[in-house]
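The lines below spell out each chain.
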Amino acid sequence: HDEEGLPTGGAFAQYIKIPVKKLSKKPESLSHDEAAAIALVGTTAHQILFDCAQVKEGSRILVLGGSTGVGAIAIQLAKAKGAWVATTCSTRTADYVSQWKPDLVVNYSKEKWDELDTLK
């Protein structure tokens, strides 16, 4: 985008012009597909948490779907900011979600998250 926020190229072109300050180097350990996915879900999680919800240290948040790409990154970003984080998951994904250390994991197969006193 240029200084006025207008696109400066096309996303479907072989070559596009992008300001250097808008770029970051892809880690060698990631495939191009993995790097593209991280950029999409990471940006989405960051915008939701910090631009929309204004999450900060001491905030209390609920991430619905902690096992999704956006959910997993949202948990980690919010925890890094010092927020209290609850998340939902299924029995199958409970161990995966727990590795991100949310403060509360709600297995929606066994509990109704909207009826828990902890979340009110």
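Please refer to the structure placed before this passage.
Small disclaimer: the values here were computed from a predicted structure and weren't measured. (Residues numbered from 1 in each chain as written. Predicted model: local features only at pLDDT ≥ 70, side-chain atom pairs only at ≥ 80, totals over all residues. Heavy atoms only, no water.)

A.B. asks: Would you mind going over the pattern of salt bridges with me for this structure?
C.D. replies: In a structure, side chains of opposite charge can pair up when their charged atoms sit close to one another. Taken as a whole and assessed by the stated rule, the structure comprises one salt bridge. In this structure, Asp 103 and Lys 79 form a salt bridge, with 2.9 Å as the shortest nitrogen-oxygen distance. Taken together, the residues span a long stretch of sequence, with Asp 103 in the loop between helix H3 (94–98) and strand E3 (104–107) and Lys 79 in helix H2 (residues 69–81) at a distance of 24 residues. Under the relative-accessibility criterion, Asp 103 is labelled partly exposed at 38%. Overall, the relative accessible area of 28% leaves Lys 79 in the partly exposed class. (Salt bridge = Lys/Arg side-chain N within 4 Å of Asp/Glu carboxyl O. Helix = DSSP H or I, 4+ residues; strand = E, 2+ residues; numbered from the N terminus. Buried < 20%, exposed > 50% of the residue type's maximum accessible area, 1.4 Å probe, protein only.)

A.B. asks: It is not clear to me how the pairing of strand E1 (residues 60–63) should be interpreted in this structure. Could you clarify?
C.D. replies: Taken residue by residue, a regular strand's side chains alternate between the two faces of the sheet. Residues Ile 61 and Val 63 line the buried face of E1, whereas the alternating positions Arg 60 and Leu 62 sit on a face that is not buried. Note that E1 and strand E2 (residues 84–89) share four bridges and pair parallel. Among the inter-strand pairings, Val 63 is bridged to a residue of E2, identified as Thr 87. Handedness of the crossover is the feature at issue here: the chain leaves E1, passes through H2, returns alongside E2, and the resulting connection is right-handed. (Pairing = 2+ DSSP bridges. Right-handed = clockwise from strand over helix to strand, strands pointing away.)

A.B. asks: Mind showing me how you'd approach the layout of surface pockets here?
C.D. replies: Empty pockets left among the atoms are what a rolling probe the size of a water molecule brings to light. If you add up the space inside the largest pocket, you get close to 420 Å³. Taken together, Ser 24, Lys 25, Lys 26, Pro 27, Leu 30, His 32, Ala 35, Ala 36, Ile 38, Ala 39, Leu 40 and Thr 43 make up the full set of residues lining the largest pocket. Class assignment for the residues of the lining of the largest pocket results in seven nonpolar, three polar and two charged. (1 Å grid on protein atoms, 1.4 Å probe; cavity = no way out; pocket = protein on both sides within 12 Å on 5 of 7 lines; lining within 4 Å. Points joined across faces, edges and corners; volume = space filled by probe spheres on them. Nonpolar A, V, L, I, M, F, W, Y, C, P; charged D, E, K, R; others polar.)

A.B. asks: How should I be thinking about the side chain of Thr 88 in this particular structure?
C.D. replies: Here Thr 88 is to be found in strand E2. Engagement of the side chain of Thr 88 in a polar contact is seen with the backbone nitrogen of Gly 65, the distance being 2.8 Å. Once residues within four sequence positions are removed from consideration, Thr 88 is found in contact with Leu 62, Val 63, Leu 64, Gly 65, Gly 66, Val 106, Tyr 108 and Trp 113. (Polar contact = N/O pair within 3.5 Å; in protein donor to acceptor, adjacent residues only side chain to side chain. Contact = heavy atoms within 4.5 Å.)

A.B. asks: Honestly, the sheet that holds E3 in this entry has me stumped. Any pointers?
C.D. replies: Strands pair in a sheet through their backbones, by hydrogen bonds, and they do so in one of two ways: parallel or antiparallel. Strand order in the open sheet made by the three strands is E1-E2-E3, with parallel pairing throughout. In this open sheet, the two strands that pair with only one neighbour each are E1 and E3. Neighbour-to-neighbour, the strand axes of the sheet open up by a mean angle of 20 degrees, direction not taken into account. (Axes fitted to C-alpha atoms, helices over the stretch in contact; angles between N-to-C directions.)

A.B. asks: Sorry if this is basic, but what is going on with the nonpolar core here?
C.D. replies: In a soluble, globular protein the nonpolar side chains are often hidden away together inside. The biggest cluster of nonpolar side chains holds 16 residues, and the ones touching the most others in it are Leu 49, Val 55, Ile 61, Val 63, Ala 78 and Val 85. Counting residues per element, the ones that place at least two in this core are helix H1 (32–52), E1, H2, E2 and H3. Among all residues touching Val 85, those that are not within four sequence positions of it are Ile 61, Val 63, Ile 75, Ala 78, Lys 79, Pro 102, Asp 103 and Leu 104. (Core = buried A, V, L, I, M, F, W, Y, C linked by side-chain atoms within 4.5 Å.)

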